[in-house]
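Chain residues, written in single-letter form:
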Amino acid sequence: MLVSYPTITVGASIFILAYLAKRYFSSPWRRLPPGPRGYPILGNALDMLNMQQFLAKSYALGDLVYVNAIGKSAVIINNQRVAADLLDRRAATFSGRPRTIVAQELWCNGLSIVTMGHTDRWRRMRRAMHEGLRTASAKTYHEMEVEEARLLALALSNDKDVSTPGGYVHHYARYAASLILAITYDRPIRGTAEDEKMAHFLEWILTKLEAATAPGAHLVEYFPVMLAIPAKFAKWKRDALEGHVKISQFYNSLVDDVKRRMTSGEARPSLVRTLIDEKQHFGLSEVETSWAAGIMYIVGSDTQAAMVEWITLALATHPEFQRRAQAELDSVIGHARSPRIEDRSNLPFVTATLREVIRWKPAAPYGIPHVSEEDDWYEGMFIPKGTMCFVNMVACNTNTEIYGADAAHFNPARYLDEKGQLKPSPPDTKDEGHVSYGFGRRICVGRHVANDALFIATAILLWAFDLSTIGEYDLHTYVDKGVTNSPKPFRCKFTPRFPEAMSILAADLDAA
Ligand code: HEM
């Protein structure tokens, strides 16, 4: 025997140790982006329950911050260029969505476009919805958007309790709900018993889906093996499966109603009409059509209502900009008629004001997370496949290198040149002037409709009222309702700007 057993053992041990050390030191997992220390097993999951605080903390750690939520990788993107590099310029890799078992797979049976992965079904649904909501189609909804904004202003002026804390909230919620239902089904809410029942059921769906997606709501999200538990032993599963059937029936009935009106020749333009007309072209099944339309309320109504709340608060607390917008409205429109969407090209300051509110107070301040579908590297940092990407919209939109030294402040004039005309938008903002509508292939498909409707709502509110706050208000805290965030309720005074304002609005409404 030339080599003794101890020698072999020592040699083998050294070899194995060297191999493990090499693997350890060359592992891409040692090159993750920097991030806060988490707890064993839980990682940073507890911190992430308060996203607003967590984003503020992560901002101090860098442009790209790695976090771990119970073994799931996530990054927080705090910089607009980095967000665009990954989510826009590498959209082929970064367009997935995190798996959400209870909300997407059970309640929606995989049919919600917002939470579904980057799949063939998503591509077909997205193309069809783009057809019904792109700039050219968005014009067909102008009449409805103006009507809803006029009704909103009249409702505010007729409510004697509107100046109580949050007294405007239910008006804005009704406005946004009615707007989305008008655009989707040509079914605005006009106060009939049937309308109220419909609105009530839609709110129920919204509440259920929001609760199902809330972080930590269901253990099955962390232990997917629990999905095998039979429904009769798992209330969360039973409720979701039964809920799916009820929701599908309801969504189908709304589409059937549009079909009836199309047959009788009474149907005005709507998203569903486009989806039905273009069904063959986009290859959507009946159930995909119903759910593509139904989900509009979930994504469109809260965001729209929250934005009108921020518009009101921003202008009520910045009277100098409010007066400048009103002076523009008075000189272009006067007091003999109310504003229309076609006036927009002559109202650069009002347009800039809306852009500025959406930049300054994005309704979805950490967007909707994307997921990477492959391992990737960015500036020497490893991003593993399956990483959730949250964008800190406020940090991106207030980057001083892009928006100037006063980026944290409300200043619509930043969007105007010395002649008072709109300047070209900063890079990577897709002509929006901010990144509040998200990125890449998942960018908000409703943004043209949202911009048109919010423009006319802003113009009509400012034309009709002087807005002012009463008592205390909070410009910094976001009331977190899941994806959408609104301001803390405040007291707002809506003072008609001239005696005929309301009668002109009512007359314009009748004449339309
Ligand atoms: C100012 C109001 C709104 C804001 C700030 C907003 C913001 C967003 C954001 C941040 C996303 C995620 C983008 C991403 O993943 O990168 C999104 C997605 C989406 N939005 Fe909006 N949104 C608004 C209004 C609307 C409206 C009115 C509609 C419908 C008419 C709508 C329909 C959608 C849909 C369907 C998606 C999912 C797109 C997908 O996953 O492919 N949004 N929105």
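Refer to the preceding data block for the structure.
Structure report, in brief. None of these values were measured; they are calculated from a predicted model. (Residues numbered from 1 in each chain as written. Predicted model: local features only at pLDDT ≥ 70, side-chain atom pairs only at ≥ 80, totals over all residues. Heavy atoms only, no water.)

1. Regarding the coordination of the iron atom of the ligand
At step 1: Just one protein atom coordinates the iron atom of the ligand, and that atom is C444 (SG), at 2.3 Å.
At step 2: Structurally, C444 is set in the loop between α17 (400-403) and α18 (447-464). (Donors = N, O, S within 2.8 Å, 3.2 Å for Na, K, Ca; no water. Helix = DSSP H or I, 4+ residues; strand = E, 2+ residues; numbered from the N terminus.)

2. Brief notes about helix α10 (residues 235-263)
Residues separated by three or four positions in an α-helix point in the same direction, a consequence of the helix having 3.6 residues per turn.
At step 1: Taking 1.5 Å per residue, 29 residues should reach 42 Å; α10 reaches 42 Å between its end C-alpha atoms and fits that length.
At step 2: The first or second residue beyond α10 is G265, which carries a positive phi of 75°. (Expected span 1.5 Å × (residues − 1).)

3. A word on the packing of aromatic side chains
At step 1: On inspection of all chains with the given rule, the structure shows 15 aromatic pairs.
At step 2: Put simply, the rings of W107, F201, W204, F250, Y251 and W291 pair up and form one aromatic cluster.
At step 3: Between the NZ or CZ atom of R355 and the centre of the ring of Y415, over which it lies, the distance is 5.9 Å. (Phe/Tyr/Trp six-rings, centres within 6.5 Å; stacked < 30°, edge-to-face > 60°. Lys NZ or Arg CZ within 6 Å of the ring centre and 35° of its normal.)

4. So, the pattern of salt bridges
One side chain can pair with another of opposite charge once the charged atoms of both are near each other.
At step 1: All told, the structure shown has 39 salt bridges when counted by the stated rule.
At step 2: In this structure, K160 engages D161 in a salt bridge whose closest nitrogen and oxygen atoms are separated by 3.9 Å.
At step 3: Owing to a relative accessible area of 77%, K160 belongs among the exposed residues under this scheme.
At step 4: Overall, the relative accessible area of 39% leaves D161 in the partly exposed class.
At step 5: Here the salt bridges do not stand alone but share partners, grouping E143, D186, R187, E194, D195, D257, R260, R261 and R268 into one network. (Salt bridge = Lys/Arg side-chain N within 4 Å of Asp/Glu carboxyl O. Buried < 20%, exposed > 50% of the residue type's maximum accessible area, 1.4 Å probe, protein only.)

5. Quick notes on the nonpolar core
At step 1: With 125 residues, the main nonpolar core has L156, Y185, I205, Y251, W463, F465 and F494 as its most contacted residues.
At step 2: Ranked by residues supplied to this core, first place goes to helix α13 (residues 286-316) with 17 residues.
At step 3: Sequence-distant contacts of I205, that is, excluding residues within four places in its chain, are made with I247, F250, Y251 and I298.
At step 4: One finds L86, Y378, V391 and C396 within the second-largest nonpolar core, a separate group that totals 18 residues. (Core = buried A, V, L, I, M, F, W, Y, C linked by side-chain atoms within 4.5 Å. Contact = heavy atoms within 4.5 Å.)

6. Considering the site of the ligand
At step 1: Near the ligand there are 27 residues, and of these R97, R126, H370, F439 and C444 occur at the shortest range.
At step 2: R97 is positioned such that a nitrogen or oxygen atom in its side chain is 2.8 Å from an oxygen atom of the ligand.
At step 3: For the shell around the ligand, the leading source of residues is α13, giving six residues.
At step 4: Of the residues assigned to the shell around the ligand, the class counts are 17 nonpolar, seven polar and three charged. (Near = heavy atom within 4 Å. Polar contact = N/O pair within 3.5 Å; in protein donor to acceptor, adjacent residues only side chain to side chain. Nonpolar A, V, L, I, M, F, W, Y, C, P; charged D, E, K, R; others polar.)

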